[in-house]
Amino acid sequence: MKPRILVIDDEAAIRDSVRMILEYEQYECISASSGPEGLAILKKDQPDMVVLDIKMPGMSGLEALSEIRKVDESVPVAMMSGHGTVADAMQATRLGAFDFIEKPFTSERVLVTVAKGLEVRQLKRENRELKLAMEARYEIVGDSPALRTVLDAVRKAAPTNATVLLTGESGVGKELVARTVHRNSARAGQRFVQVNCAAIPEELIESELFGHEKGSFTGATEKQIGKFEQADHGTIFLDEVGDMSPKTQAKVLRVLQEQEVERLGSARTIKVDVRVIAATNKNLEDAISRGEFREDLYFRLNVIPIVVPPLRERRADMPLLVQHLAARTSEEHNLKPKKFDPRAMEALQRYRWRGNIRELRNTVERLMIMAAGDVVRFEDLAPDVRGAAPVAPPQADTPAAATTLSQSPVSAAGTLREFKDTAERAFLVQKLRENSWNISKTADVIDTPRSNLYKKLEQYGIKQEVDG
């Protein structure tokens, strides 16, 4: 499709001249003789670029530019004028114009400006698509009670500048929660700077966080801006904060208290405005009792505590999570999307997922690449995942009644909590089957309130079986 250029000028000769230049170079040109007419065309035809005269009767070019920005922020606008002033050019730039063409103009000047404007539009489109892709990559998926608790805390914490401490096992998605807090804060347009405190050697972490001056230590051949300075007016995410050395902890505490940093090798302090989100998979209170973590820093970080639950407490989210991860994998690897059959999905829901979402993501990616056909079947799963699936209860007085340990729910559990969850789910499914999936009757039989039974069904992702 030819790029479409809208020319707005009250002089017919100028409109015709620009049209001839553009159409000769295979552009499509549409024109308007006034600001209101141009705005109407903009809303209807959505041109790729606008060339706008600055001096027009009625609505001036600057007024039209202001209105154009309200209709479409992304469309590039170049201004034209035969007697424009520096003040006009500066005002046009402030309103979002990217270039200024002086009359009389040459064909080359018009074409260079149009090419530049279309390049600007393409860059804006790519940036917007990249931003949407990044947001999808860091989307939190699910609607389980455990996840709703987290999202409710995020909703309350995000608009503030309060420090947030995220705790939870490795792989549960603490980074996703941190990015969601930032994305929903007043700092969303500023930088989100991530630091993995466990991945940086102890002798380098201070330089990484606070920066250093040239020559401040052996190997410091250039000045380095620290992560706290880079995150000024934005958010810094201190992942695995429990792995920081006592010396680094003291300096981070000072930043939180004074909102200022001091580069290594410098006596000058630099003010910073940074929101801090910290995360750890360690029990910091235990670390405090062992003398490994500063209690005063813990209190500074723990203003808004958010516990991110492990995947085994979000079993009801599994179908949505698997579908989301499968779609991402299909897009990233240019694969045809696959569905998961009910037995495979049930096995995924019951597996313990010690690596949490990180382990699930790797498993789904492997299945999407390696499984044959359009459907991931139970048989495509790894043996340990298949082993977590429930087995049909054996009939009495049959050889299968002597169930071995490897066939029982015990083998699917890695912890006492997991065994209890597995056993409780199997018990509820069996009782529901015995009572033809009648919720009220089942609740009476097992002597529990109906509301409690509904909560358990949601917790374990139990859905009524349909024959056939």
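In case you missed it, the structure is sitting above this.
Values in this document were obtained by computation on a predicted structure and should not be read as measured data. (Residues numbered from 1 in each chain as written. Predicted model: local features only at pLDDT ≥ 70, side-chain atom pairs only at ≥ 80, totals over all residues. Heavy atoms only, no water.)

1. Focus: the pattern of salt bridges
Here's step 1: Per the counting criterion, the structure on display carries 35 salt bridges.
Here's step 2: For D273, the salt bridge goes to R187, with nearest N and O atoms at 2.7 Å. Highlighted residues: D273 in the loop between β12 (269-271) and β13 (275-280) and R187 in the loop between α7 (174-183) and β7 (192-196), separated in sequence by 86 residues.
Here's step 3: Residue classification places D273 among the partly exposed positions, given a relative accessible area of 32%.
Here's step 4: Its relative accessible area of 8% is what places R187 among the buried residues. (Salt bridge = Lys/Arg side-chain N within 4 Å of Asp/Glu carboxyl O. Helix = DSSP H or I, 4+ residues; strand = E, 2+ residues; numbered from the N terminus. Buried < 20%, exposed > 50% of the residue type's maximum accessible area, 1.4 Å probe, protein only.)

2. A few points about unusual backbone geometry
Here's step 1: Residue P104 is bonded to the preceding K103 through a cis peptide linkage, with omega at -5°.
Here's step 2: The residue P104 is located in the loop between β5 (99-102) and α5 (107-137) in this model.
Here's step 3: In the Ramachandran plot, H233 falls in the positive-phi region, its phi being about 75° despite a non-glycine side chain.
Here's step 4: Here H233 is to be found in the loop between α9 (227-230) and β10 (235-239).
Here's step 5: Overall, H233 belongs to the partly exposed group, its relative accessible area being 45%.
Here's step 6: Phi is positive for Q259, close to 55°, though the residue is something other than glycine.
Here's step 7: The topology assignment puts Q259 in the loop between α10 (246-258) and β11 (260-262).

3. What to know about the sheet that holds β10
Here's step 1: Strands sit in the order β7-β10-β13-β6-β14 across an open sheet of five strands; the sheet is parallel. In this open sheet, the two edge strands, each paired with only one partner strand, are β7 and β14 (304-307). Mean inter-strand twist for the sheet, computed between neighbouring axes without regard to direction, equals 20°.
Here's step 2: Pairing of β7 with β10, which is carried by five bridges, proceeds in the parallel orientation. (Pairing = 2+ DSSP bridges. Axes fitted to C-alpha atoms, helices over the stretch in contact; angles between N-to-C directions.)

4. Here's the deal with the packing of aromatic side chains
Here's step 1: Counted under the stated rule, the structure contains four aromatic pairs.
Here's step 2: A ring pair is formed by F210 and F228, whose centres lie 5.8 Å apart and whose planes are at 5°; its orientation type is stacked. With F210 in helix α8 (residues 202-210) and F228 in helix α9, the pair connects residues that are 18 residues apart, well separated along the chain. The exposure classification of F210 matches that of F228, with both residues buried.
Here's step 3: Taking 5.8 Å as the distance between ring centres and 55° as the angle between the ring planes, the aromatic pair formed by Y298 and F299 counts as tilted.
Here's step 4: Take Y298: its relative accessible area is 11%, and that puts it in the buried class.
Here's step 5: Accessibility expressed as a relative area gives 56% for F299, which makes it exposed. (Phe/Tyr/Trp six-rings, centres within 6.5 Å; stacked < 30°, edge-to-face > 60°.)

5. Describing the packing of helix α2 (residues 35-45) against helix α3 (residues 61-71)
Here's step 1: Contact pair α2 / α3: the axes reach a minimum separation of 10 Å and the direction vectors enclose 15°. The orientation of α2 relative to α3 falls into the category roughly parallel. Crossing hand, α2 versus α3: right-handed. Note on element contacts: α3 touches α2 through A64, E67, I68 and V71, opposite G35, L39, L42 and K43.
Here's step 2: Partitioning the contact of α2 with α3 into residue classes produces five nonpolar, one polar and two charged. (Parallel < 35°, antiparallel > 145°, perpendicular 65-115°, else oblique. Left-handed = near helix turned anticlockwise from the far one by under 90°. Contact = heavy atoms within 4.5 Å. Nonpolar A, V, L, I, M, F, W, Y, C, P; charged D, E, K, R; others polar.)

6. Concerning the nonpolar core
Here's step 1: Formed by 31 residues in total, the largest nonpolar core has its most connected members in L209, F228 and L238.
Here's step 2: With four residues, α10 is the single largest residue contributor to this core.
Here's step 3: The residues contacting L238, other than those within four sequence positions of it, are V195, C197, L209, F228, V252, V276, I277, A278 and A279. (Core = buried A, V, L, I, M, F, W, Y, C linked by side-chain atoms within 4.5 Å.)

7. Comments concerning the pairing of β14
Here's step 1: Judged by which residues are buried, β14 turns out to be one-sided: I304 and I306 face inward and are buried, whereas P305 and V307, on the alternate face, are not.
Here's step 2: Relative to β14, strand β6 (residues 164-167) runs parallel, the two sharing four bridges. Across the sheet, residue L166 finds its bridge partner in β14, namely I306.

8. Some points on the environment of R191
Here's step 1: Mapped onto the elements, R191 comes out in the loop between α7 and β7.
Here's step 2: Residue class for R191 comes out partly exposed when judged on its relative accessible area of 47%.
Here's step 3: For the pair formed by R191 and H83, sequence separation is 108 residues and the distance between their alpha carbons is 41 Å.
Here's step 4: Residues within four places of R191 in sequence aside, it is in contact with H182, Q230, G234 and T235.

9. Points about helix α1 (residues 12-24)
Note on helix geometry: an α-helix contains 3.6 residues per turn, so any two residues three or four positions apart are oriented the same way.
Here's step 1: Compared with an ideal rise of 1.5 Å per residue, which puts 13 residues at 18 Å, α1 spans 18 Å between its outermost C-alpha atoms and is within 8% of the ideal.
Here's step 2: Every buried residue of α1 is accounted for by I14, R15, V18, I21 and L22. Seen along its axis, α1 keeps its buried residues to an arc of 130°; they face one direction. Opposite the buried face of α1, at more than 90 degrees from it, the exposed residues are A13, M20 and Y24.
Here's step 3: Positive phi appears at Q26, one or two residues downstream of α1, with a value of about 70°. (Expected span 1.5 Å × (residues − 1). Arc of directions from axis to C-beta.)

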